[in-house]
Amino acid sequence: MFERINGHEQVLFCNDPDTGLKAIIAIHNTTLGPALGGCRMRPYNSTDEAIEDVLRLSKGMTYKCAAADVDFGGGKAVIIGDPLKDRSPELFRAFGQFVESLSGRFYTGTDMGTTPDDFVHALKETNCIVGVPEEYGGSGDSSIPTAEGVLYGLKATNNVLYGSDDLSGKTYSIQGLGKVGYKVAEKLLEDGADLYVTDINESAIKRIIDQAEGLKGNVRVVEGNEIYSVPADVFVPCALGGIINDETIEQLKVKAVVGSANNQLLRDEHGKFLQEKGIIYAPDYIVNAGGLIQVSDELYSPNKARVLAKTKAIYDTLMEIYQKSNEQSISTAESANQFCNDRLTKRMKRNSFFSHKKRQKWNVRN
Ligand code: NAD
C-alpha cells in the first residue's frame, strides 16, 4: 500500500457502520496550503477502484491549485455508495466528522454524485466545507466563473491563432449546453460568433435556439458524434471527459480545443497527437479553474468581483503555457505540468527558507 500512495502525504479511510459511510480522503500535497478538493459519491465496484480514483483526482488538484495560484494544496474525497440510494443527512454528518478530525488539513465540497445541500449537513460537524448554498454562507453558482475562465481561454487562444482576442466572426463547436456550456454559448452569440452545438438534452438545445433569436450569431444543431467533424475554428467541450482520443483527433477539423470538461485527453499522449496535427490544446485544468478560484476565495468571505478578477489571470497563465510549449517544442499539456511544477518548487524553496529563518530565531531565543 505504501508504494501505491507514494507521493501522497496522507490517506484516510473513513468507516462508520451506523450510517453506512465508507469513504476515503486523500491528501496529495500541502505545499501551497491545506488540501482542497471535492467529494465524489459513486457505487465503485471495489475499494481498489475507489482508491485509484481518489489518488488520481487528489494529485490533479495539486496541479490545478498551483495553476490557479490559490493558497491550497491538492486533496479529494470519495464516498463509496450509490447517490440515488445511499445518501442521507446522517451519512454526510459522519463524513463531516472525519473531515474535522483532520484539523484543517483538508477542505471539501460538492463533486460528481453529491450536491451543495449534502454539505449543509457536513457543515454541522466541520467548518472545512466550501461551496454550500449562498444562504449558508457559500459563494453560489460556481459555473459563472468557470464559464468566464473558458471565455478567457478562448480569447488567449484566438490571440495565438489570429493575433486578436476578438471572439466574433469565428465558428465554435460546443459539446454540452449545461451550466457552463450554455453561458459560454450565450456570450459567443452575443459577440457575433456562429455555433455548432450538441447536447443529449433536448431542452438545453431548445433553450439556446430561443436565446439565439435576436442575437448576432447563428446556431446549427448537430447530432452526437457529428460535433467532432464540423468545420469550426475551435472545439469547446463542456460535457464529457476522454473525448480527445484516437478516433476524435482523426475527425477534428478545428484549429484549437478549449473547454471546461474535466480530463478531456483520454491519455496524456493525446496532447502530443493534437500538437502533431497542429491543433492547439488549452489544458482543461487551466481553463476550467474559475469554480475552484471561487470556492477557495470563500475563506476570505465570498466576493464575486475578486473572484472574477482572479479568473482573468487564466488568460495570462495560458499565454505563458502556449509560449513555453512553442519555445521548447513540447505539447501544451506538458508545458502546463511544467508550469505547475515550477510554481510548487518555487514555493517549496520559499517555505523552507522561512522555516529555516524561524528555526534560527527560535535557536537564538533558546
Ligand atoms: P452540467 O451537468 O450542467 O452540463 C453538462 C451538459 O452536457 C448537460 O446539458 C448534458 O445534457 C450534456 N451532455 C452529457 N452527455 C453529453 C453527450 N454525450 N453529448 C452532448 N452533451 C452531453 O455540467 P457543467 O457544470 O456545465 O460542467 C460541464 C463540464 O465542465 C463537466 O465536465 C464538468 O466536470 C466540468 N467543470 C464544471 C465546473 C463548474 O463549475 N460547473 C468546473 C470545472 C469543470
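First, a word on scope: everything that follows refers to the structure included in this document. Residue numbering note: each chain is counted from 1, following its sequence as written. Per-residue local features are limited, in this predicted model, to residues with pLDDT of at least 70; the limit for side-chain atom pairs, both in listing and counting, is 80 or more; totals at the level of whole chains, interfaces and linings are taken over all residues. Calculated side-chain values reflect all of the structure's heavy atoms, with hydrogen atoms and water omitted.

1. Side note on unusual backbone geometry
Negative phi is the rule for most residues except glycine; trans is the rule for most peptide bonds. Phi is positive for Ser-103, close to 50°, though the residue is something other than glycine. Each helix is a run of H or I in the DSSP string that is no shorter than four residues. Each strand is a run of E no shorter than two, and both are numbered from the N terminus. Note that Ser-103 resides in the loop between α2 (89–101) and β6 (106–107). We note that Ser-329 has phi near 50°; this positive angle belongs to a residue other than glycine. You can see Ser-329 is positioned in the loop between α11 (304–328) and α12 (332–365). By relative accessible area, which is 52% here, Ser-329 ends up exposed. A simple rule labels every residue: compare its accessible area, found with a 1.4 Å probe on the protein chains alone, to the largest value its type can have, and call it buried under 20%, exposed over 50%, or partly exposed in between.

2. Concerning the sheet that holds strand β8 (residues 194–198)
Note on pairing: two strands pair once DSSP finds at least 2 bridges between them. With parallel pairing, six strands are arranged side by side in an open sheet as β9-β8-β7-β10-β11-β12. For this open sheet the edge positions go to β9 (219–221) and β12 (280–281), each flanked by a neighbour on one side alone. Where strand β10 (residues 234–237) meets strand β11 (residues 256–257), two bridges bridge the pair, whose relative direction is parallel. Bridge pairing in β11 places Val-234 opposite Ala-256.

3. Section: α2
To estimate how far a helix should extend, the number of its residues minus one is multiplied by 1.5 Å. The end-to-end C-alpha distance of α2, which contains 13 residues, comes to 19 Å, matching closely the 18 Å that a straight helix rising 1.5 Å per residue would cover. Contacts are residue-level and defined by heavy atoms, with any inter-residue pair within 4.5 Å sufficient. Lining the buried residues of α2 we find β1 (10–16), β2 (21–29), β4 (39–42), β5 (73–80), β6 and α3 (116–122). Downstream of α2 by a residue or two, Ser-103 has a phi angle that is positive, lying close to 50°.

4. Observations regarding the site of the ligand
Of all residues adjacent to the ligand, which total 20 residues, the nearest are Thr-146, Val-180, Asp-199, Ala-239 and Ser-260. Between an oxygen atom of the ligand and a side-chain N or O atom of Asp-199, the distance comes to 2.7 Å. Residue Ala-239 places a main-chain N or O atom 2.9 Å away from an oxygen atom belonging to the ligand. Note on areas: Shrake-Rupley with a 1.4 Å probe; residue coverage comes only from the protein chains shown. Protein chains shield 73% of the accessible area of the ligand, which is 830 Å² for the free molecule. Among the elements of the structure, α4 (143–162) and α5 (179–190) are those that each provide at least two residues to the shell around the ligand. Along the lines of polarity and charge, the residues of the shell around the ligand split into seven nonpolar, 11 polar and two charged. Here a residue counts as near a molecule or strand whenever at least one of its heavy atoms sits within 4 Å of it. Polar contacts, as counted here, are pairs of nitrogen or oxygen atoms within 3.5 Å of one another; within protein the pair requires one atom able to donate a hydrogen and one able to accept it, and residues that are adjacent in sequence qualify only if both atoms are side-chain atoms. Gly is placed with the polar residues, together with every amino acid not listed as nonpolar (Ala, Val, Leu, Ile, Met, Phe, Trp, Tyr, Cys and Pro) or charged (Asp, Glu, Lys and Arg).

5. A look at the nonpolar core
By convention a nonpolar core is built from buried Ala, Val, Leu, Ile, Met, Phe, Trp, Tyr and Cys residues, the set being connected through side-chain atoms within 4.5 Å. Within the largest apolar cluster, 45 residues are counted, with the highest numbers of intra-cluster contacts made by Leu-154, Tyr-172, Val-184, Leu-188 and Val-236. By size, the runner-up hydrophobic cluster in this structure holds 37 residues, among which are Leu-36, Ala-68, Phe-72 and Ile-314.

6. A closer look at the state of the cysteines
Two cysteine sulfur atoms form a disulfide, by the criterion used here, when they sit within 2.5 Å. Overall, the coordinates contain zero disulfides when judged by the stated rule. The thiol sulfur of Cys-14 is not disulfide-bonded, and the nearest other cysteine sulfur, from Cys-39, lies at 9.1 Å. Assessed through its relative accessible area of 3%, Cys-14 is described here as buried. Taking the relative accessible area as the measure of exposure, Cys-39 reaches 0% and is therefore buried.

7. Some points on the pairing of β10
Taking every second residue as pointing to the same face, both faces of β10 are buried, with Val-234 and Val-236 on one and Phe-235 and Pro-237 on the other. Alignment of strand β7 (residues 171–175) against β10, held across four bridges, turns out to be parallel. Paired with Gln-175 across the strands is Pro-237, a residue of β10.

8. Notes on the environment of Cys-128
Looking at the element boundaries, Cys-128 is found in the loop between α3 and α4. For Cys-128 and Ile-280, which are 152 residues apart along the polypeptide, the C-alpha to C-alpha distance reads 38 Å. Setting aside chain neighbours within four positions, we find Cys-128 in contact with Val-99, Gly-104, Phe-106, Tyr-107 and Thr-108.

9. Examining the packing of aromatic side chains
Note on aromatic pairs: the rings of Phe, Tyr and Trp (six-membered ring only in Trp) are paired at centre separations within 6.5 Å, and the planes decide the class, stacked below 30 degrees, edge-to-face beyond 60, tilted for the rest. If you walk through the whole model with that rule in mind, you get four aromatic pairs. Judged by centre distance (5.6 Å) and plane angle (75°), the rings of Phe-72 and Tyr-107 are edge-to-face. Residue Phe-72 is found in the loop between α1 (47–68) and β5, and its partner Tyr-107 is found in strand β6; the two are separated by 35 residues along the sequence. Residues Phe-72 and Tyr-107 agree in their burial class; the two are buried. Considering the side-chain rings of Phe-92 and Phe-119, the 5.5 Å spacing of their centres and the 70° angle between planes classify their relative orientation as edge-to-face. Of the two residues, Phe-92 sits in helix α2 while Phe-119 sits in helix α3, which places them 27 residues apart along the sequence. What makes Phe-92 buried here is its relative accessible area of 0%. Through pairs of rings, three or more aromatic residues link up here, namely Phe-92, Phe-95 and Phe-119. Directly above the aromatic system of Tyr-162 lies the positively charged group of Lys-170, at a separation of 5.1 Å from the ring centroid. Geometrically, a lysine NZ or arginine CZ counts as sitting over a ring once it is within 6 Å of the ring centre and also within 35 degrees of the ring normal. Across from the ring centre of Tyr-182, 3.6 Å away, lies the NZ or CZ of Arg-207, which sits over that ring.

Worth remembering: the numbers are spatial, not functional.
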